[in-house]
Amino acid sequence: MTSTTRLTVAQALVRFLSAQYTERDGTRHRLIGATWGIFGHGNVAGIGQALVEYGDVMPYHQGRNEQAMVHAAVGYARQSGRLSTHAVTTSIGPGATNLVTGAALATINHLPVLLLPGDVFAARPADPVLQQLEVPYAGDVSVNDCLRPVSRYFDRITRPEALIPSALQAMRVLTDPVETGAVTLALPQDVQAEAYDWPEEFFAERTWVVRRPGADPTELAEAVRAIRGARRPLLVAGGGVHHSRAEAALAEFAAVTRIPVASTQAGKGSLRFDHPQDVGGVGHTGTATADELARTADLVIGVGTRYTDFTTASGTLFAHPDVRFLNLNIAPYDGHKLAGMPLIADARSGLMELTTALDMHAYRVGASYVAEYTEDKERWEQRVDACYEADEPDVRPTQPQVLGVLDALVDESDVIINAAGSLPGDLHKLWRARSRDQYHLEYGYSCMGYEIPAAIGVKLAAPERRVWALVGDGTYLMMPTEIVTAVQEGVAIKVLLVQNHGYASIGGLSEETGAERFGTAYRHRAADGTFTGAPLPVDLAANAASLGMRVLRAKTVSDLREALAEARDADTPTCVYVETQTADTVSGPPPAQAWWDVPVAETATRPSAVKARELYERHVSTRRRHL
């Protein structure tokens, strides 16, 4: 007879999760490292009680915002190489729907997170219950159905025994390098507390092997032929290089072939900035070196990239008349993009196989090509130095100068986190990544508010690292709440808070597209009704301090150097606050080196919009469809 244990559904789930592991390359990791939770009537007596019951095997973190808890779990998962993640539990109603943004971010970035929202009664003893959405045409719909399109796996557990197959499927998806993303198990509040006789086998330790599939021999042979026939190949490293831990394999491939390597936002840091073949970011926010190589490349080798519009400059970047694409990707969907030649394999396995095959043929790109991109890279580094340089240390810094001061201070052990605003563009162009995981940009969803909770997740995954959340005032105002969590748990993150009085990035884009910076400044209304008056008298530094964080204010470049150095050595959560000046032509960031498609009004009376439309049509005319 099968041995059983009588537990509630919530207790069984927590016990099950504590026994799940991943394994890759012979190293074992706990899959669900902890659970984040905010409790309400929809989960307090179920999952909440279960976390008390099994607190010895399932660590718990208290969050302040449900979306932020998902961001923290995602930061943890990315820092852990997708081999470990956190679960997030919420009540029903707004607690559950607050998960949607975080779930979309996780799924778009292929990062695993387990979501456990409470749900309305399965048995329906009273309809409606508090916070229930009534849908007249469907009795089985709740607000949790909002999570379906942003989850890689979704199930609603309406019977205790249904948890067994559903939980196993959830683990399968979380650990699948192709399918992974947000996984949602919606838990009706009555079912959470219902008891059931569970087979002991359900609670046995399980190890989920994260696969490293190699390339198909035919595809590999075709890929080698394509590379050997190319005169100006360019490799584009995406986030898949990091997920696979393929950085060393990429460095070896580049050293053997001397093919230059550009990087997407997710792929930056795949090579150290000083590697001879690293040419920096590619696309709309890329370097002049990488983008010029992209325009003239006859073969683009995409490794672990989704080819977003920022990477392809909305289809205008790869301009060689005979350009072809070779896509090394573990996901067939991405491997076939841009009508490319697919090489479906794990990034590390595929790069190692390519390196071996090309070395056997003694393949190297031409010396003149190497000299060309090497000289271009040196010129770009001089432009970076000019942006970083602060001739007058006793004045307010520009944003690039802020980055320059930080760049001069950190080493390969520091982690830099950012997601939205004008900082991603400056960082992609200018930042000198020193290690494979120093550059942590969430640019798949580019979600304002990600940085601070993600920094907590990264610090929990790597407590020995110095973790910096770089935020502008717009992002800070979206979600500063997890500062309280960092203070409560003693998680010594560093927040670099840049005050520029509005949405700087969108303000610039608004001006370029004829919208005249409408609604992008944080200023008082002027007499004409526009937001062009004096800056708002908000004190974000005081706000951070009121949430319990130690705050260092920096007014000048000199102040900033001292404050950042002090923050870097701090063992408590610390914020450096700095107000920046408008960048000038000497110290400002280089302009975009490639286009990005944001449609401009086709008809307008205002001269700014008319002019913007004329420029837009010139850019659109250069777009290609790669077939």
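Predicted model only: the values in this text are computed from it and were never measured.

*Asks:* Help me out: how do you make sense of the overall build of the chain in this one?
*Replies:* If you tally the helices and strands in the chain, you get 24 helices and 23 strands. For a compact globule of 627 residues, the expected C-alpha radius of gyration is about 25 Å, and the chain comes in at 25 Å, within 12% of that figure. Counting only C-alpha atoms and orienting by the principal axes, one finds that the chain spans roughly 75 × 70 × 55 Å. The buried share of the chain, taken over its 627 residues, is 58%. Long-range contacts, defined as pairs at least 24 residues apart, comprise 77% of the intrachain contacts of the chain with a sequence gap of at least 6.

*Asks:* Before we go on, may I ask you to explain the packing of helix 1 (residues 9-17) against helix 6 (residues 163-174) in this structure?
*Replies:* The axes of two packed helices give the description: the angle between them and the distance between them. The interhelical angle for the contact between helix 1 and helix 6, taken along N-to-C directions, is 35°, at an axis separation of 11 Å. Read as a crossing pair, helix 1 and helix 6 show a hand that is right-handed. Residues Val-9, Ala-12, Leu-13, Phe-16 and Leu-17 of helix 1 form the contact with helix 6, whose participating residues are Leu-163, Ala-167, Leu-168 and Met-171. Partitioning the contact of helix 1 with helix 6 into residue classes produces nine nonpolar, no polar and no charged.

*Asks:* Sorry if this is basic, but what is going on with the pairing of strand 18 (residues 414-418) here?
*Replies:* It is a general feature of regular strands that their side chains alternate between the two faces of the sheet. Taking burial as the measure, the five residues of strand 18 include five buried ones, the bulk of the element. The alternating pattern of strand 18 places Asp-414, Ile-416 and Asn-418 and Val-415 and Ile-417 on opposite faces, both of which are buried. When strand 18 meets strand 20 (residues 466-472), the two strands line up parallel, connected through four bridges. Across the sheet, residue Val-415 finds its bridge partner in strand 20, namely Val-467. With three bridges joining them, strand 18 and strand 19 (residues 439-441) adopt parallel strand pairing. Opposite Asn-418, over in strand 19, you have Leu-441 as the bridge partner. Viewed along the sheet, the connection from strand 18 through helix 17 (residues 423-430) into strand 19 turns out right-handed.

*Asks:* What's the story with empty space enclosed by the protein in this structure? I'm lost.
*Replies:* Regions of empty space are outlined by a rolling probe, equal in size to a water molecule, passed over the atoms. Scanning the model with the defined rule gives four cavities of 30 Å³ or more in all. There is about 110 Å³ of room inside the largest cavity. Mapped by element, the contributors of at least two residues to the lining of the largest cavity are strand 14 (278-281), helix 15 (367-388) and helix 17. Of the residues forming the lining of the largest cavity, the biggest block, four residues, is contributed by helix 15. Its residues placed into classes, the lining of the largest cavity shows six nonpolar, three polar and six charged.

*Asks:* What is the right way to read the sheet that holds strand 11 (residues 206-209) from this model?
*Replies:* In sheet architecture, strand pairing relies on hydrogen bonds along the backbone and comes in two forms, parallel and antiparallel. One open sheet holds the three strands; their spatial order is 3-2-11, and the pairing between them is mixed. Sheet topology places strand 3 (27-30) and strand 11 at the edges, where each strand pairs with a single neighbour. Strand-to-strand twist in this sheet, taken as the mean axis angle between neighbours without regard to direction, amounts to 30°. In terms of strand pairing, strand 2 (residues 20-24) meets strand 3 through four bridges, oriented antiparallel. Within strand 3, the residue paired with Glu-23 across the bridge is Arg-28.

*Asks:* Any chance you could explain the side chain of Gln-399 here in plain terms?
*Replies:* Mapping Gln-399 onto the fold places it in helix 16 (residues 399-409). Not counting the four nearest positions on each side in its chain, Gln-399 is found in contact with Ser-422, Leu-423, Asp-426, Val-498, Asn-500 and Thr-580.

*Asks:* Is there a simple way to explain the pattern of salt bridges in this structure?
*Replies:* Oppositely charged side chains may form a pair once their charged atoms are brought near each other. Summed over the entire model, instances satisfying the criterion amount to 33 salt bridges. Asp-359 is the salt-bridge partner of Arg-364, the closest N and O atoms lying 3.6 Å from each other. Residue class for Asp-359 comes out partly exposed when judged on its relative accessible area of 40%. Here Asp-539 and Arg-553 are joined by a salt bridge, their closest N and O atoms 2.9 Å apart. You can see Asp-539 sitting in the loop between helix 21 (504-512) and helix 22 (540-546) and its partner Arg-553 sitting in strand 22 (residues 550-554), a full 14 residues away along the chain.

*Asks:* Please explain the environment of Ala-545 as it appears in this structure.
*Replies:* Tracing the sequence through the fold places Ala-545 in helix 22. Ala-545 sits in the partly exposed class, given a relative accessible area of 40%. It is 8.5 Å that separates the C-alpha atoms of Ala-545 and Cys-575, two residues lying 30 residues apart in sequence.

*Asks:* For this particular structure, what's the right way to read the side chain of Thr-35?
*Replies:* Inspection of the secondary structure puts Thr-35 in strand 4 (residues 32-37). For Thr-35, a relative accessible area of 3% gives the class buried. Setting aside residues no more than four positions away along its own chain, Thr-35 makes contact with Leu-51, Met-58, Pro-59, Tyr-60, His-61, Ala-87 and Thr-89.

*Asks:* Could you clarify how one ought to interpret the packing of aromatic side chains in this entry?
*Replies:* One pair of aromatic rings is described through two measures. These are the centre distance and the angle between the planes. Under the criterion given, the structure shown has twelve aromatic pairs. Seen from their ring centres, Tyr-307 and Phe-325 are 5.9 Å apart, and the 85° between their planes marks the pair as edge-to-face. On the criterion of sequence distance, the pair formed by Tyr-307 in the loop between strand 15 (299-303) and helix 12 (309-312) and Phe-325 in strand 16 (residues 324-329) is long-range, its members being 18 residues apart. Phe-325 matches Tyr-307 in its accessibility class, with the two residues each being buried.

*Asks:* It is not clear to me how the packing of helix 3 (residues 66-79) against helix 5 (residues 99-108) should be interpreted in this structure. Could you clarify?
*Replies:* Viewed as axis vectors pointing N to C, helix 3 and helix 5 meet at an angle of 20°, and their least axial separation amounts to 7 Å. Classified by the angle between their axes, helix 3 and helix 5 sit roughly parallel to one another. Crossing angle aside, the handedness with which helix 3 passes helix 5 is right-handed. Listed contacts from helix 5 to Glu-66, Gln-67, Val-70, His-71 and Val-74 of helix 3 are Leu-99, Thr-101, Gly-102, Ala-103, Leu-105 and Ala-106. In the contact of helix 3 with helix 5, the residues fall into six nonpolar, four polar and one charged.

*Asks:* Just to check I follow, could you spell out the environment of His-361 for this structure?
*Replies:* Tracing the backbone shows His-361 in the loop between helix 14 (347-360) and helix 15. Separated by 137 residues in the primary sequence, His-361 and Val-224 place their C-alpha atoms 9.4 Å from one another. Excluding residues within four positions of it along the chain, His-361 makes contact with Val-224 and Arg-228. A distance of 3.3 Å separates the side chain of His-361 from the side chain of Arg-228, its partner in a polar contact.

Rules used in this analysis
- Here the residue numbering is sequential within each chain, running from 1 through the sequence in written order.
- At least 70 in pLDDT is required for a residue's local features to be given in this predicted model, at least 80 for side-chain atom pairs to be given and counted, and no such filter applies to totals for whole chains, interfaces and linings, which use all residues.
- The side-chain numbers reported here are obtained from all heavy atoms of the structure, hydrogens and water having been left aside.
- Numbering of helices and strands starts at the N terminus; helices are DSSP runs of H or I of at least 4 residues and strands are runs of E of at least 2.
- Radius of gyration means the value over C-alpha atoms here, while the globule rule gives 2.2 Å times the residue count to the 0.38 power.
- Remark: exposure states derive from per-residue accessible area (1.4 Å probe, protein chains only) relative to the maximum for the residue type, with buried under 20%, exposed over 50%, and partly exposed in between.
- Any two residues whose heavy atoms approach within 4.5 Å are treated as being in contact.
- Orientation is described by lines fitted to C-alpha atoms, with helices fitted over the stretch in contact, and by angles between N-to-C directions that extend from 0 to 180 degrees.
- Working rule for handedness: look at the near helix, and if it is turned counterclockwise from the far one by less than a right angle, call the crossing left-handed; if clockwise, right-handed.
- Residues were grouped as follows: Ala, Val, Leu, Ile, Met, Phe, Trp, Tyr, Cys and Pro as nonpolar; Asp, Glu, Lys and Arg as charged; and all remaining residues, including Gly, as polar.
- Two strands pair under a simple rule: DSSP has to find at least two bridges between them.
- By convention a crossover is right-handed if, when the strands point away from the viewer, the path from the first strand over the helix to the second runs clockwise.
- The distinction between a cavity and a pocket rests on a 1 Å grid over the protein atoms alone: a 1.4 Å probe fits inside a cavity but cannot get out, while a pocket stays open yet meets protein on both sides within 12 Å along at least five of seven lines, and a residue with an atom within 4 Å of a point counts as lining.
- Grid points are joined across faces, edges and corners, and a volume is the space filled by probe spheres set on the points.
- Only one rule defines a salt bridge in this text: a Lys or Arg side-chain nitrogen within 4 Å of an Asp or Glu carboxyl oxygen.
- Any two rings among Phe, Tyr and Trp, with Trp reduced to its six-membered ring, count as a pair given centres within 6.5 Å; such a pair is stacked if its planes are under 30 degrees apart, edge-to-face if over 60, and tilted if neither.
- Roughly parallel means an angle under 35 degrees; roughly antiparallel, over 145; roughly perpendicular, 65 to 115; everything else is oblique.
- Each polar contact in these results corresponds to two N or O atoms within 3.5 Å; when the atoms are within protein, one needs to be able to donate a hydrogen and the other to accept it, and residues that are neighboring in sequence are counted only if both atoms are side-chain atoms.

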